[in-house]
Structure formats: C-alpha cells, structure tokens
Amino acid sequence: MTALDPSIMNRLDSLNYYTVTKKYDLAFPRLTDDVDADVVVIGGGFSGINTALELAEKGITNIVVLEGRHLGYGGTGRNGGQVMAGIGHDLNAVRKHVGPEGLETLFKIANLGAGIIRDRIARYDIDADFRQGYGYLAYNQRQIKTLKTWEEEFKSVDPDEDIELLTGSAVKTIIGSDVYAGALKHMGGGHVNSLNLLLGEAAAFVSHGGRIFENSPVISVEYGDRVTVRTNAGKVTASKLLWACDSFLNKLEPSIYGKTVNTFAFQLATEPLPEETILRISPIRGAYSDIRPVIDYFRVTNENRLLYGSATRLYDYIPQDLAAWNRALMLKTFPYLKDVKVELAWGGPMACSANLFPQIGTLDGRPNAFYVQGYSGFGVTPSHIVCKVLAEGMSEGSARYDLMSSIPHVSILGRDVARAGITSAAKTWHQLSGYFNGRR
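Residues numbered from 1 in each chain as written. Predicted model: local features only at pLDDT ≥ 70, side-chain atom pairs only at ≥ 80, totals over all residues. Heavy atoms only, no water.

**Description of the overall build of the protein chain**
Here's step 1: Scanning the protein chain for helices and strands turns up 13 helices and 17 strands.
Here's step 2: Expressed along its principal axes, the backbone C-alpha trace of the protein chain runs to roughly 65 × 45 × 45 Å.
Here's step 3: By residue count, 59% of the 440 residues in the protein chain fall in the buried class.
Here's step 4: Across the protein chain, contacts joining residues at least 24 apart in sequence account for 75% of those joining residues at least 6 apart. (Helix = DSSP H or I, 4+ residues; strand = E, 2+ residues; numbered from the N terminus. Buried < 20%, exposed > 50% of the residue type's maximum accessible area, 1.4 Å probe, protein only. Contact = heavy atoms within 4.5 Å.)

Written out as structure tokens, the structure reads:
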C-alpha cells in the first residue's frame, strides 16, 4: 500500500452528516496563474484555515491557501464534532521533553480550545450549531478515579466552569445509558458542526483579504529564501510555507511524511429521532466520550440525530459494512435504539504520531518552511489551540511556540509497507498501557 490508497478513500468517501448539513455555499477557483504571497498554506482543513486566519488577524493578509480537493475534504469534514479539553492523548507522554514548568504551560494551553471556538463563532457570526455540554464517561471504579483527578485539574484551570463528577444514579442526569459507572460533566465543552465551522472560518479569512484555491493539488515544492509551490496549472511564490495536510500529505514532503502513520475512524448518523428519545439519550443535549485508550464518542445534533463513532480496538482494519459495525457499538451503549435506522455512515484516516501528540515546527535547514500534523484522532479542538501557537511562531515568535516545537518527532519506519501491522501493534500496546494509567 502506498501513501493513502485511493481504493480506501473510495470506500470511505460517501455522503456524511457534514456533507448533507452544509450551510455555506462557498466555492473557490482553481489556481491557474502565477501568484506571489507572504505565506502559502498547503491544506484546506482546520490546520490550514485556522493558521491562515490567525495570521490574517495579526495583519499578515497576503496569504494563499491551496487545497487539493475542497475545503474540509480531510478529517475536518469526517470527524465527531467533539469540543473537548486537551491537546494530545496524554500530556505525560511529553513530560520528559518539556519538564514540569513546560508541562504546566501545556496543560494551560490545552484548556483554551473551547473558548477559542466560542469566541471565533461570536466574532464572525459563524452558523456552526455550537452547543455546550460534555460528558467524559467511566465504565469502572478505576476510571472514576481518573475522572476525579481530571475534575480537580479542570477546576484548577477554570474554577468558574460547571464541572462535576457524577456517580451512581446521578450519571443518568447527563447520559441515558446503563453501562457507565461514572461521568465527569464539563459544561465548558460541547459539540459543533465542524464543516460549517471551517467554512465560516474560511469566509472570515477571505474577508481579511486572504485567497483560497480549491481543486489545486500541489505537485512540487522548491525551497529557498522564497518558496515556490507548483500545481498542475499555476504556482505560488512566497516568503513562508506551511504544510497542513495531516493524513493527506501523501509523500509530498518525505521529511515529515514518515513521522506519522494513518489509522482510521468510523461514524454513523441515525435518522432524526423524537425529542423524548434525544432527551433520554442526552438530557444536556451534549457530546460524550469514554476514556478508554480507543474511545467511543457520540453526540446529539440540532436535527435530533445521534452521531456515534469509534475505531477498531486492536487489529487495524476497515469494516466492510461501516453502518453495521458502528451500529453494533451504538446498541451496546443504547440498546433501546434497536429499531432506529442508520441513514449515514462514513469514515476517514487519522494521522497518528508516535507519542499521540500534535507536531509543529520547521523543516530541518529550512526556517521558512513550517508544518503541523499528527492530531492522532483529536483534531477539532486541538487544531484551534495548536494553530494559534503555530501562527505565533510564524509571525513574531513566542515561548509557547518554542516549547511545542521543541518536542522531538519520531520517524515511524515502514509506515507504508507495514502500516496495518504497525497500527495494530500500537493499538495493542495502547490498550495494555491503559491498565497502568487508569484508562481501562
């Protein structure tokens, strides 16, 4: 298998919830000319658009974004829409690289995401169905102990937020399922229509004078004091470059391509459900995830659908029937939905780093060539945090950027020829480690 096999995308690239609920009729031209810019961004997902918008808000507006397909084609338009705390899977994974003070800084940064999203929606009047209310879910007492630690940590950062650990019968006040022993309610989190959020952010970027070109896949990059990015019909010459392709880098820049490996996540959307069923599922009309190493995650939507998603636990594979595979998981959580129809099912790749922490930095020897990748399945909220820090590094510089970019990025040998074996072994280890960190 080479890079991202087109046959895989053909199986996953179907109508999904975000496609059918798109509210912004945005379309951008194909690049057919030679243009100059201060910054050229490759990738039209959250990473590319967020960084471009952050830079534009700083007054750097001569920016060109190149997207090979259409905005949100990648993970931005295929995810769960969860707005949750955190950056990576476990900040302790980078403790040895950043030290105690650095870890404290990262923890504070990790809790900024929901606020950034709320502020941006308000500033630009983005219609993205944002709703507050999140539940982190525990199956057993060991996980409840972990949630108790999280409760204390979250409250230390944001003491005025409605955050409460629930156990016993109180769990039912936020989630209508019998399988959970505990739940951490966090009303600062929530959920969002991620594609509409992206499109609203893209419109905001254009309002600052930025330019976007869709259907403009990059075929080559020439580095130097000025970077030249070529498509099959035009080119962009710029002072700075940002690689923001994540799962869809496809070997275009080998020096960072080998630092992540793709695995896959899958979601479904039910038919619209009666209001009483929605309130039984979610009295707070919120979003949820358990805290296992490989999570189930779900939320209700403004149209009264249930979105439910997960990934394979141990062996890495793509189910033949995505709807049936996810429906079986949904019914373990909500058996009373056995007669509910599944109307949409889809999936997509996730670029995972070795430490499951996002990667930002510059290419070796190329201080004007930046990159961001490796969200490892947690991209909606972290991308808004990471790209704010990245924009600081691309403009005036900052201690936060220096900290995040200092974390080493390990190359993953054989990521193409042995992808399934690598990801299956990693999932097995990730599951075993969950017993030692209170996640199993």
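**Points about the environment of Ala 265**
Here's step 1: As for its position among the elements, Ala 265 is in strand β11 (residues 260-270).
Here's step 2: Taking the C-alpha atoms as reference points, Ala 265 and Tyr 317, 52 residues apart in sequence, are found 9.9 Å from one another.
Here's step 3: Ignoring sequence-local partners within four residues, the contact set of Ala 265 consists of Tyr 297, Ser 310, Ala 311, Trp 346, Gly 347, Gly 348 and Met 350.

**Concerning the pairing of strand β14 (residues 306-310)**
Here's step 1: The element β14 is largely enclosed, with a buried count of five among its five residues.
Here's step 2: Across four bridges, strand β13 (residues 297-300) lies against β14 in antiparallel orientation. Of the residues in β14, the one forming a bridge with Val 300 is Leu 306.
Here's step 3: Hairpin connection of β13 to β14: five residues between the antiparallel strands, including Asn 304 at a positive phi of 65°. (Pairing = 2+ DSSP bridges.)

**A short note on helix α7 (residues 194-207)**
Here's step 1: With 14 residues, α7 should reach 20 Å at 1.5 Å per residue; the first-to-last C-alpha distance of 20 Å fits that figure.
Here's step 2: For α7, a buried count of 11 out of 14 residues is recorded, marking the element as mostly surrounded by other parts of the structure.
Here's step 3: Two residues or fewer after α7 comes Gly 209, characterised by a positive phi angle close to 105°. (Expected span 1.5 Å × (residues − 1).)

**Structural notes on the pattern of salt bridges**
Here's step 1: Enumeration over the complete set of coordinates arrives at 26 salt bridges.
Here's step 2: Asp 36 serves as the salt-bridge partner of Arg 226, at 3.8 Å between the closest nitrogen and oxygen. Of this pair, Arg 226 sits in the loop between β8 (218-222) and β9 (227-231) while Asp 36 is found in strand β1 (residues 34-42), placing the two residues 190 residues apart along the sequence.
Here's step 3: Given the relative accessible area of 36%, Arg 226 is considered partly exposed.
Here's step 4: Where salt bridges share partners, they join Glu 54, Arg 120, Glu 201 and Lys 388 into one cluster. (Salt bridge = Lys/Arg side-chain N within 4 Å of Asp/Glu carboxyl O.)

**Some points on the pairing of β1**
Here's step 1: Bridge analysis of β1 against strand β10 (residues 235-243) gives eight bridges, and the strand direction is parallel. Looking across to β10, one finds that Val 39 is bridged to Lys 240.

**Describing the packing of helix α3 (residues 46-57) against α7**
Here's step 1: In the contact formed by α3 and α7, the axes pass within 9 Å of each other and the chain directions differ by 35°. In this structure, α3 meets α7 at a crossing whose hand is left-handed. Here α3 contributes Phe 46, Ile 49, Asn 50, Ala 52, Leu 53 and Ala 56 to the contact with α7, which in turn contributes Ser 194, Leu 197, Leu 198, Glu 201, Ala 202, Ala 204 and Phe 205.
Here's step 2: Looking at side-chain class alone, the contact of α3 with α7 contains 10 nonpolar, two polar and one charged residues. (Axes fitted to C-alpha atoms, helices over the stretch in contact; angles between N-to-C directions. Left-handed = near helix turned anticlockwise from the far one by under 90°. Nonpolar A, V, L, I, M, F, W, Y, C, P; charged D, E, K, R; others polar.)

**Considerations on the packing of aromatic side chains**
Here's step 1: Tallying each qualifying case throughout the model produces 15 aromatic pairs.
Here's step 2: Three or more aromatic residues link up through ring pairs in this structure, and these residues are Tyr 288, Phe 298, Tyr 308, Phe 334 and Tyr 336.
Here's step 3: Geometry around Tyr 73 places Arg 69 over its ring, the cationic atom sitting 4.3 Å from the centre.
Here's step 4: Stacked on the ring of Tyr 257, the Lys or Arg Arg 415 has its end atom at 3.9 Å from the ring centre. (Phe/Tyr/Trp six-rings, centres within 6.5 Å; stacked < 30°, edge-to-face > 60°. Lys NZ or Arg CZ within 6 Å of the ring centre and 35° of its normal.)

**A closer look at the packing of helix α5 (residues 113-124) against helix α11 (residues 380-394)**
Here's step 1: Running from N to C, α5 and α11 point in directions that differ by 85°, and their axes come no closer than 8 Å. Between α5 and α11, the angle falls in the class roughly perpendicular. Contact with α5, carried on its side by Gly 113, Ala 114, Ile 116, Ile 117 and Arg 120, involves Val 380, Thr 381, His 384, Ile 385 and Lys 388 of α11 and no other residues of that element.
Here's step 2: Residues that form the contact of α5 with α11 fall into these classes: five nonpolar, three polar and two charged. (Parallel < 35°, antiparallel > 145°, perpendicular 65-115°, else oblique.)

**Observations concerning unusual backbone geometry**
Here's step 1: Look at Asp 125: it is not a glycine, yet its phi comes out positive at around 50°.
Here's step 2: Here Asp 125 shows up in the loop between α5 and β4 (131-138).
Here's step 3: In this structure, Asn 250 takes a positive phi of about 50° despite not being glycine.
Here's step 4: With respect to the helices and strands, the residue Asn 250 is situated in the loop between β10 and α8 (254-257).

**Considering the state of the cysteines**
Here's step 1: Under the counting rule described, the total for this entry stands at zero disulfides.
Here's step 2: In this structure Cys 245 is a free cysteine whose sulfur lies 13 Å from that of Cys 387, the closest cysteine sulfur available.
Here's step 3: For Cys 387, a relative accessible area of 0% corresponds to the buried category. (Disulfide = S-S within 2.5 Å.)

**Some remarks on helix α6 (residues 141-157)**
Here's step 1: Over its 17 residues, α6 extends 25 Å from the first C-alpha to the last, a length consistent with the 24 Å expected when each residue adds 1.5 Å.
Here's step 2: Buried within α6 we find Gln 143, Ile 144, Thr 146, Leu 147, Trp 150, Glu 151 and Phe 154. Buried residues along α6 cover an arc of 155° about the axis, so they all sit on one side. Pointing more than 90 degrees away from the buried face of α6 are the exposed residues Gln 141, Lys 145 and Ser 156.
Here's step 3: Summarising the contacts, the buried residues of α6 are in contact with α4 (95-110), β4, β5 (163-167) and β6 (182-191). (Arc of directions from axis to C-beta.)

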